[in-house]
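Fold and geometry: a report
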Amino acid sequence: MGTAWFAVCGVFFVFLQIATAEESPCVPGFESELLIFKVNRKQLRPGTRLGKVAFTDCTHRKRFLFSTDDSRFVVQTDGVLTVKREVVLHEGHRDFFIHSWDSQGQKLTVPAMVLYHGHRHGNDDLNTEHHHDSHTSNSHNHDQTQMDSVTTEDEADPQIPILDFPKSSQGLKRRKRGWVIPPLSVSENHRGPYPLYIAQIRSDEDKKKTIHYSITGPGADVGLFTMDRVTGNLYVTQELDREKQEKYVLEAHAVALGSTGPVEKPMEVIVHVIDQNDNKPVFNQSSYVAEVPEASPRGVEVIQVWATDADDPKTDNGIIHYHIVSQQPEEPSESMFIINPVTGVIRVNAAGLDREKFPQYKLRVQAADMEGEGMTEYTDVIIKVTDSNDHAPAFTEPSYAATVEENKADAEVVRMLVTDGDEPHSAAWNAKFKIIDGDPGKLFTVKTSETNKQEGIITTAKGLDFEKTSKHTLLVMVENEIPFAISLPTSTITVVVTVKDVNEPPIFEPETNTVSKKENLAEGSTVVRYTASDPDTARKQKVMYKVISDPAGWFNVDENTGEIKLRSQMDRESPLIKDDKYTALIGAYDDDQLPATGTGTLIVVLEDVNDNPPIIEEREIKVCNKNPDSLLLTVTDKDGPGFTSPYSVSLLDSAKANWIARMNSTKTGIILTMNRELESGTYNVGMNVFDNQGLFQANTVTVTVCDCSGTDVKCLEERIAGSKLPVIMGILGGILLLLMLVLLLLLLAKRKKPEKEPFLLQDDFRDDIFYYDEEGGGEDDQDYDLGVLHRGLDNRPEVFRNDVAPVFLPAPVYKPRPANPDDIGNFIDDNLKAADNDPTAPPYDSLLVFDYEGGGSEAGSLSSLNSSSDGDQDYDCLNDWGPRFKKLADMYGGDDAL
């Protein structure tokens, strides 16, 4: 009984174990969270097997697709990790990741490390090996797998992968998002044979049903990819080219025989085209040309070459490295230049670039893929060595001497030449000059000639002064437009400039002299003493003075002392005055054989005096005699402030009966009002206008009073001018008839006169004198031939008339016409007196000869005429008529006994 019970318990325990095992699901993934592969050397050659990666997807499959993020390592489908390209463990280890996919298409990743055996990484627990024959849910959470590497040159042929359709989840379970079918990889340019079997597509339903498979998508539609409808084998029918298309996205379909719908959802199949090194690098230029300055130091960048490769840039097939194959010439060093293998930048690698010796280098540059070990391409790089400033300019002469006259600005002193061994007409050859000593006053400037960049020209910046310094010693330095490329000595030269003495004009102190004077300064008064000094102290010359410009003629200057006196009265109100200032120019000159003249400016500020009475601007106005409006007259005064307003006014007695005058509120204008109604006509209204100092002047305003009313002033003549045309024509016609009547009366009077016989020749022409209203007796013939008077000089050609103005006599000064019409009377009187005493004004004394009396005169001899015997004629009054009648007074006046 006990034995039976024990047996039952044993069976139950076994059944429980089996049930428990069935309830523990398989978890797909790597056997450990970290894979460590230990090696015994740092340099790993291609083909070295490092170990095996354990992976399961909880199915019967034993081969899987793996990938790594380090292209130097590859994992075969059986999980063997192999070195694809040479690896050097400089730091003792190399870390990377390994990826794979489970049956549901979920990507799984594990970190991996290749560790050099002599290198300690992390803690000592890494030396522990973990071996797992079965995988549970917690069996690899914190495990590390450490494996020793195995070296082999043979690689197992990869097994064709089998892609299963994702399984559908039952019940509430669902497939995680992000699960994808692992991609397929096909090498480009594969040699076949074709069609090339690359994968198998299968469905779990093929155990129950007959499944037909098919493939669709880009590439399948043109027959590039085909699928066996029974086995699900996927084929590629021809070579692929990654440079044309790097991947293909297809869809696999599974349909049960006899069914109208799919038994599986379409599965996405991605085919990656594995790149092969079938393209060589290509330079973007067939050749390159660059420049580098001579004497450039090591490390100076010259140029960058650039090449591209159509292969995958993520693989070695598209990684390009550069290399300088050759250099011509190989002097002064065979490696004058170096190239960065990755970037293609060419730099100077050694010192000694010298344009004068080696002006050009030619480099042969190689570009190779596979990081410099694959397919190659070549280009030429021409490097021209440009001139740098490695030669200092030098003067051709040891020194220079020159002479320049004083007081000349911008005068050329000397031209200096230099030589330079650098490339002509370059910035390293062009010279630049500088005065570094001997010119503290900045009296000189130096510049490079525009036509010859190796010639320096020294000129005077300002006039030199012989009396201050007769000799200047300049130190001039020369350099180039750009700095020296290397340390070089600077060339200098001495220039001795001798100043030549010249006669300089006297200099006024100050150059502009301003004085203030009242405008009523008396004539002959001293305005100012304005003197100048001669800078030529060694010559001891005499300075004299003269007036150069005096527009108003107000000044005289003493020739020896420079004292300026007033010649005539000044007037602040003269049009020559600007801002109360009058400007005259005074000259000072020496007594040299070639006198030099200096100029000083005299500015006289005229102080105003009350010498101008106020005047009324409006001289003629019109006003109506009925209801007239008051007239506003403007008052002005030429004087300045203080001598003008407020003004006052008073009417003359003759105007007080008809007019009233008063000032306006501002005392600057006169309000003239008619006192009573006046007849139309013209009235002269006289009034005295006073300024605030009491200076006045009589002003006369002519007022035309018109027969009208109010402010609309219209006089009779204006009305006539505005009348109708027939009225005007009638008036003109009457005037024309009156003129014709007068002419008719004159013609009748002419015909009534008797004709007289001429006492001269018949063809003579005579001037007639007519007397009208003659009461006394006399000859009937009152026609006198005045032409006889012209015959005197005609018959005496040897006598000349002398109408010549006397010379060497001073002319009087005539006053200008006044602006105020009230001053016309004084103006005429003053100028009339001046004209009477002017010996230079015509008429002049002239010689006339009248000795021809004509022939056939009816009058007898003049000797028969007797003086009046009545004695009542007194000729003594001729003595009072002046010297011109003295001779006549002597003839007829005097004693009766004569």
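Residues numbered from 1 in each chain as written. Predicted model: local features only at pLDDT ≥ 70, side-chain atom pairs only at ≥ 80, totals over all residues. Heavy atoms only, no water.

Details of the packing of aromatic side chains
Stated precisely, the cut-off is as follows: In summary, the pairing rule links any two rings of Phe, Tyr or Trp, Trp by its six-membered ring, whose centres are within 6.5 Å, and it sorts them by plane angle into stacked for under 30 degrees, edge-to-face for over 60 and tilted for everything else. Classification of residues uses two cut-offs on accessible area relative to the type maximum, computed with a 1.4 Å probe and protein chains only: under 20% is buried, over 50% is exposed, and between them is partly exposed. Secondary structure counts use DSSP, requiring at least four H or I residues in a row for a helix and at least two E residues in a row for a strand, with both numbered from the N terminus. Charges are assigned to positions over rings by a cutoff of 6 Å between ring centre and Lys NZ or Arg CZ, combined with an angular limit of 35 degrees from the ring normal.
In the structure shown here, the tally under the stated rule is 19 aromatic pairs. Geometrically, the ring pair formed by Phe64 and Phe66 is edge-to-face, given 6.5 Å between the ring centres and 80° between the ring planes. For the residue pair Phe64 and Phe66, the accessibility class agrees, reading buried in each case. Ring geometry for Phe283 and Tyr322: centres 6.4 Å apart, planes at 45°, overall tilted. Placement of Phe283 in strand β22 (residues 282-283) and of Tyr322 in strand β26 (residues 321-328) is noted, with a sequence separation of 39 residues between them. Judged by relative accessible area, which is 10%, Phe283 ranks as buried. Three or more aromatic residues joined by ring pairs form one cluster here, namely Phe30, Phe55, Phe64 and Phe66. Above the ring of Tyr589, the side-chain terminus of Lys546 is found at 5.3 Å from the ring centroid.

Here's the deal with a nonpolar patch on the surface
Put simply, the test is: Within this analysis, patches are made of residues with over 30% relative accessible area and no salt bridge. Like charges are joined at 9 Å or less; nonpolar side chains (Val, Leu, Ile, Met, Phe, Trp, Tyr) at 5 Å or less. For every accessible area listed, the method is Shrake-Rupley and the probe measures 1.4 Å; residues are considered covered only by the protein chains on display. By salt bridge we mean one thing: a side-chain nitrogen of Lys or Arg within 4 Å of a carboxyl oxygen of Asp or Glu.
On the surface, a cluster of nonpolar side chains totalling about 790 Å² of accessible area is made up of Leu738, Leu741, Val742, Leu743, Leu744, Leu745, Leu746 and Leu748. Within the fold, Val742 resides in helix α4 (residues 725-751). Overall, Val742 belongs to the partly exposed group, its relative accessible area being 42%.

Section: unusual backbone geometry
The residue after Glu331, namely Pro332, is reached through a cis peptide bond having omega -5°. By secondary structure assignment, the location of Pro332 is in the loop between β26 and β27 (337-339). Cis geometry is found at the peptide bond from Glu509 to Pro510, where omega equals -5°. Along the chain, Pro510 falls in the loop between β39 (507-508) and β40 (512-518). In this model, Asn407 sits at a positive phi of 70°, which is unusual for a non-glycine residue. Following the sequence through the fold, Asn407 ends up in the loop between β32 (399-405) and β33 (412-419). Located in the positive-phi region is Asp579, a residue other than glycine, with phi close to 55°. With respect to the helices and strands, Asp579 occurs in the loop between β45 (563-566) and β46 (581-590).

Here we look at the side chain of Asp316
Rules: The criterion used for residue contact is that any of the two residues' heavy atoms lie within 4.5 Å.
Structurally, Asp316 can be placed in the loop between β25 (307-308) and β26. What makes Asp316 buried here is its relative accessible area of 7%. Once residues within four sequence positions are removed from consideration, Asp316 is found in contact with Arg85, Asp369, Met370 and Glu371.

Describing the environment of Glu467
Mapped onto the elements of the fold, Glu467 is located in the loop between β36 (455-460) and β37 (471-480). Put simply, Glu467 and Asp536 are 69 residues apart on the chain and 7.2 Å apart in space, counted from C-alpha to C-alpha. The residues touching Glu467, leaving out its near neighbours within four places in the chain, are Glu406, Asp501, Glu504, Pro535, Asp536 and Thr537.

Some points on the pattern of salt bridges
Applying the stated criterion across every chain, the model contains 23 salt bridges. Glu243 is paired through a salt bridge with Arg242; the nearest N and O atoms lie 3.3 Å apart. In this structure, Glu405 and Lys408 form a salt bridge, with 3.2 Å as the shortest nitrogen-oxygen distance. Exposure remark for Lys408: the relative accessible area of 41% places this residue in the partly exposed category. Through salt bridges that share partners, Arg242, Glu243, Glu246 and Asp275 make up one connected network.

Examining the sheet that holds strand β20 (residues 247-256)
To be explicit about the condition: Following DSSP output, two strands are said to pair if at least two bridges run between them. Axis lines are fitted to C-alpha atoms, over the contacting stretch for helices. Their N-to-C directions set the angle, which ranges from 0 to 180 degrees.
Reading across from one edge, β15-β21-β20-β17 is the order of the four strands in this open sheet, with mixed pairing throughout. Of all the strands in the sheet, the pair left with one neighbour each is β15 (184-187) and β17 (211-216). In this sheet, adjacent strand axes meet at a mean angle of 30° when their direction is disregarded.

The analysis is restricted to geometry; functional conclusions fall outside its scope.
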